[in-house]
Amino acid sequence: DQQVKQNSPSLSVQEGRISILNCDYTNSMFDYFLWYKKYPAEGPTFLISISSIKDKNEDGRFTVFLNKSAKHLSLHIVPSQPGDSAVYFCAESSQTGKLIFGQGTTLQVKP
Amino acid sequence: KAGVTQTPRYLIKTRGQQVTLSCSPISGHRSVSWYQQTPGQGLQFLFEYFSETQRNKGNFPGRFSGRQFSNSRSEMNVSTLELGDSALYLCASSLRGVEAFFGQGTRLTVV
């Protein structure tokens with residue numbers, strides 16, 4: 001059973017608007033949640049993380065929100081840029097070096 | 001600071017052969033983990049090493065093995081290759097076991 005779910009395989013957004021990527025998880029025992037961005041045939045690039053004791057973390061255009069009661073995680077990108085077009089993965093970490101990834105959401109930002 | 005380096009970038013092997021992939025982590029990172037990415041299964045955790053000890057192992061057959069050296073460099077070996085082992089193999093290193101930084105990956109094709 002998938003522990004981390006990204007239910008939207010794809011998302012299309014206009015340049016300058018907000019992109020909201022969503023992720024649901026089942027296991028509440030993980031300490032951190034992370035978002036990665038990936039281009040084809042390359043390794044994932046770390047974007048932002050959030051501790052399970054927080055509900056929001058911000059880094060430039062990227063903000064991650066954590067709703068523990070709903071077991072839901074979201075990544076907001078504002079404003080969206082064409083260079084943000086990529087596959088986005090959420091992941092959970094138990095601080096032992098093991099990441100469990102969702103299936104990914106392909107974001108397309110249209111100029 | 002140099003990033004995670006994986007060699008080789010591309011590899012073609014025949015069924016039944018074995019293969020060894022190499023990973024040099026970011027300087028100072030002692031945790032190295034390996035992942036397999038396939039179109040159908042997404043990013044799957046293989047194993048993680050810290051200070052030459054395997055701390056975590058994913059749900060892969062014993063044909064997949066790894067090791068870590070005293071300089072934190074790591075190798076991954078797959079024996080008796082099968083067609084289904086064709087994938088992008090990713091190595092990641094981490095300083096504190098949370099955020100993992102990935103290499104470019106090795107694209108393995110088994111024919």
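Here, every reference points to the structure presented above.
Conventions we followed
- Residues numbered from 1 in each chain as written.
- Chains lettered and ligands numbered in written order.
- Predicted model: local features only at pLDDT ≥ 70, side-chain atom pairs only at ≥ 80, totals over all residues.
- Heavy atoms only, no water.
- Helix = DSSP H or I, 4+ residues; strand = E, 2+ residues; numbered from the N terminus.
- Contact = heavy atoms within 4.5 Å.
- Salt bridge = Lys/Arg side-chain N within 4 Å of Asp/Glu carboxyl O.
- Buried < 20%, exposed > 50% of the residue type's maximum accessible area, 1.4 Å probe, protein only.
- Pairing = 2+ DSSP bridges.
- Axes fitted to C-alpha atoms, helices over the stretch in contact; angles between N-to-C directions.
- Disulfide = S-S within 2.5 Å.

A. Looking closely at the side chain of serine 74 of chain A. With respect to the helices and strands, serine 74 of chain A occurs in strand E8 (residues 72-77). With residues near it in sequence (within four places) discarded, serine 74 of chain A still touches Ile20, Leu21, Asn22, Trp35, Thr63, Val64 and Phe65 of chain A.

B. Representation of the pattern of salt bridges. Residues and elements named next belong to chain B. This structure, assessed with the given rule, holds 8 salt bridges over all chains. The closest approach of N and O atoms between arginine 63 and aspartate 85, which form a salt bridge, is 2.8 Å. Taken as a pair, arginine 63 in the loop between strand E6 (53-57) and strand E7 (64-68) and aspartate 85 in the loop between strand E8 (74-78) and strand E9 (87-94) lie far apart in primary sequence, 22 residues in all. Measuring nitrogen to oxygen at the nearest pair gives 2.7 Å for the salt bridge that ties arginine 96 to glutamate 99. Given a relative accessible area of 45%, arginine 96 falls into the partly exposed group. The exposure class assigned to glutamate 99 is buried, which follows from its relative accessible area of 13%.

C. Main features of the sheet that holds E7 of chain B. Residues and elements named next belong to chain B. Here 4 strands make up an open sheet; going across it, the order is E1-E3-E8-E7 and the pairing antiparallel. Looking at which strands have only one partner, the edges of the open sheet turn out to be strand E1 (5-7) and E7. Neighbouring strand axes in the sheet, compared pairwise and without regard to direction, differ in orientation by 20° on average. Note: strand E3 (residues 19-24) against E8, 5 bridges, orientation antiparallel.

D. Spotlight on the state of the cysteines. This model, assessed by the stated rule, comprises 2 disulfides over all chains. A disulfide bridge connects cysteine 23 of chain A with cysteine 90 of chain A, and the sulfur atoms are separated by 1.9 Å. Judged by the sign of its S-S torsion, about 65°, the bond between cysteine 23 of chain A and cysteine 90 of chain A is right-handed. You can see cysteine 23 of chain A sitting in strand E3 (residues 19-25) and its partner cysteine 90 of chain A sitting in strand E9 (residues 86-93), a full 67 residues away along the chain. Judged on exposure class, the residue cysteine 23 of chain A and its partner cysteine 90 of chain A are both buried. What pairs with cysteine 23 of chain B in a disulfide is cysteine 91 of chain B, and their sulfur atoms sit 1.8 Å apart. Note on the cysteine 23 of chain B and cysteine 91 of chain B pair: the S-S dihedral is about -60°, so by sign convention the disulfide is left-handed. Here cysteine 23 of chain B, found in strand E3, pairs with cysteine 91 of chain B, found in strand E9; they are 68 residues apart in sequence, far enough to count as distant. With a relative accessible area of 0%, cysteine 91 of chain B lands in the buried category.

Take it as geometry only, folks, not as evidence of what the structure does.
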